[in-house]
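# Structure assessment
The chain contents come next:
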Amino acid sequence: MITATWHGHSCYTIDIDGTKIVVDPFLTGSPVARMKADEVEADFILLSHGHSDHLGDALAIAARTGATIVAPNELAVYCGEQGAAVHPMHIGGGFNFPWGRLQLTIAHHGSALIEDGGRPLYLGSPCGFLIKTETKCIYFAGDTGLFLDMKLIGDRNRIDLALLPIGDNFTMGVEDAVTATEYLKPKVAIPMHYGTWEVIDTDPEEFAAGTEKVGIKSVVLQVGESYTIE
Ligand code: NI
Ligand code: MN
């Protein structure tokens, strides 16, 4: 059984038959997260890019739990230098982990960590994730604008659950995210990366209404709420 719990912004904990996977654990600095970084259970931590609202508490959680950080190579190497166990990957590449197959997808965005003094430390390309078990497939888009290759992702994968940013400004807004669901054709879409700050305060119900019009089911989660793939 796969259960995905949303912790606000792009942070999810995904339980795959007891294996705990944490995606983009932005908790301590998040105005909306309720879960504390020191209570997260983690076997693996997936990082889509190096922005602080995605790298978040990853290093602290990895240090406490011993979880392996999986990320695009440059970001993974950075985390490894900070003492974490890492599994570097890159876009297009997949790997069969004990809990399932993970493949990195493109995402149109940036991936720099802003150091003290405002200097960007570039950490390679951002990515999205395809998480596949024998029977289920989750697509986590990461931070990205709409791109036509989502059609390719949708054509080649039977996506049970698509996790899509809708907040606009830094990523797709509502209208583009609705188009993304037409390209991806998931059984269910869940919006993310909105409402955290005023600048990305879009309406998830507008997204849900939009996807319904194109024949795609959406589920709007409250912070802390879970969705289980049957
Ligand atoms: Ni970002
Ligand atoms: Mn972000």
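Residues numbered from 1 in each chain as written. Chains lettered and ligands numbered in written order. Predicted model: local features only at pLDDT ≥ 70, side-chain atom pairs only at ≥ 80, totals over all residues. Heavy atoms only, no water.

### Section: the overall build of the protein
In terms of regular secondary structure, the protein is built from 6 helices and 16 strands. Rg of the C-alpha trace for the protein: 16 Å, near the compact-globule value of 17 Å for 230 residues, within the 12% margin. Across its three principal axes, the protein shows a C-alpha extent of roughly 45 × 40 × 30 Å. The buried share of the protein, reckoned over its 230 residues, is 56%. Taking as baseline every contact in the protein between residues at least 6 positions apart, the subset at least 24 positions apart corresponds to 58%. In the protein, 15 positive and 30 negative side-chain charges are present, and the distance between their average locations comes to 8 Å. (Helix = DSSP H or I, 4+ residues; strand = E, 2+ residues; numbered from the N terminus. Rg over C-alpha atoms; globule rule 2.2 N^0.38 Å. Buried < 20%, exposed > 50% of the residue type's maximum accessible area, 1.4 Å probe, protein only. Contact = heavy atoms within 4.5 Å. Lys, Arg positive; Asp, Glu negative; His and termini not counted. Charge placed at Lys NZ, Arg CZ, Asp CG, Glu CD.)

### Quick word on the coordination of the nickel ion (ligand 1)
The nickel ion (ligand 1) binds to the protein through His49 (NE2), His51 (ND1), His109 (NE2) and Asp143 (OD), with metal-donor distances spanning 2.1 to 2.3 Å. Along the chain, the residues that donate to the nickel ion (ligand 1) are spaced as H-x1-H-x57-H-x33-D. Taken as a pair, the nickel ion (ligand 1) and the manganese ion (ligand 2) lie 3.0 Å from each other and share Asp143 as a ligand. Taken as a pair, His109 in the loop between β8 (100-106) and β9 (112-114) and Asp143 in the loop between β12 (137-140) and α4 (150-156) lie far apart in primary sequence, 34 residues in all. Residue Asp143 is classed as buried on the basis of its relative accessible area of 2%. (Donors = N, O, S within 2.8 Å, 3.2 Å for Na, K, Ca; no water.)

### Thoughts on a negative patch on the surface
Taken together, the side chains of Glu198, Asp201, Asp203, Glu205 and Glu206 make up a negatively charged region of the molecular surface. Looking at the element boundaries, Asp203 is found in the loop between β14 (188-192) and α6 (204-213). Classification of Asp203 by relative accessible area gives partly exposed; the value is 36%. (Patch = residues over 30% accessible without salt bridge, like charges linked within 9 Å, V, L, I, M, F, W, Y side chains within 5 Å. Areas by Shrake-Rupley, 256 points an atom, 1.4 Å probe, with all protein chains shown as cover. Salt bridge = Lys/Arg side-chain N within 4 Å of Asp/Glu carboxyl O.)

### Focus on the pattern of salt bridges
This structure, assessed with the given rule, holds 3 salt bridges. The residue Asp155 makes a salt bridge to Lys185 at a minimum N-O spacing of 3.0 Å. Of this pair, Asp155 sits in helix α4 while Lys185 sits in the loop between α5 (174-184) and β14; the two residues are 30 residues apart in sequence, bridging distant segments of the chain.

### Here's the deal with the sheet that holds strand β1 (residues 2-6)
Pairing in this open sheet of 7 strands is mixed, and the strands run β6-β5-β4-β3-β2-β1-β16 from one edge to the other. Each end of this open sheet is capped by a strand with a single partner; those strands are β6 (85-89) and β16 (226-229). On average, each strand axis in the sheet is inclined to that of its neighbour by 20°, with strand direction left out of account. Across 5 bridges, the pairing between strand β5 (residues 68-72) and β6 is parallel. Directly across from Pro72, in β6, lies its bridge partner Met89. (Pairing = 2+ DSSP bridges. Axes fitted to C-alpha atoms, helices over the stretch in contact; angles between N-to-C directions.)

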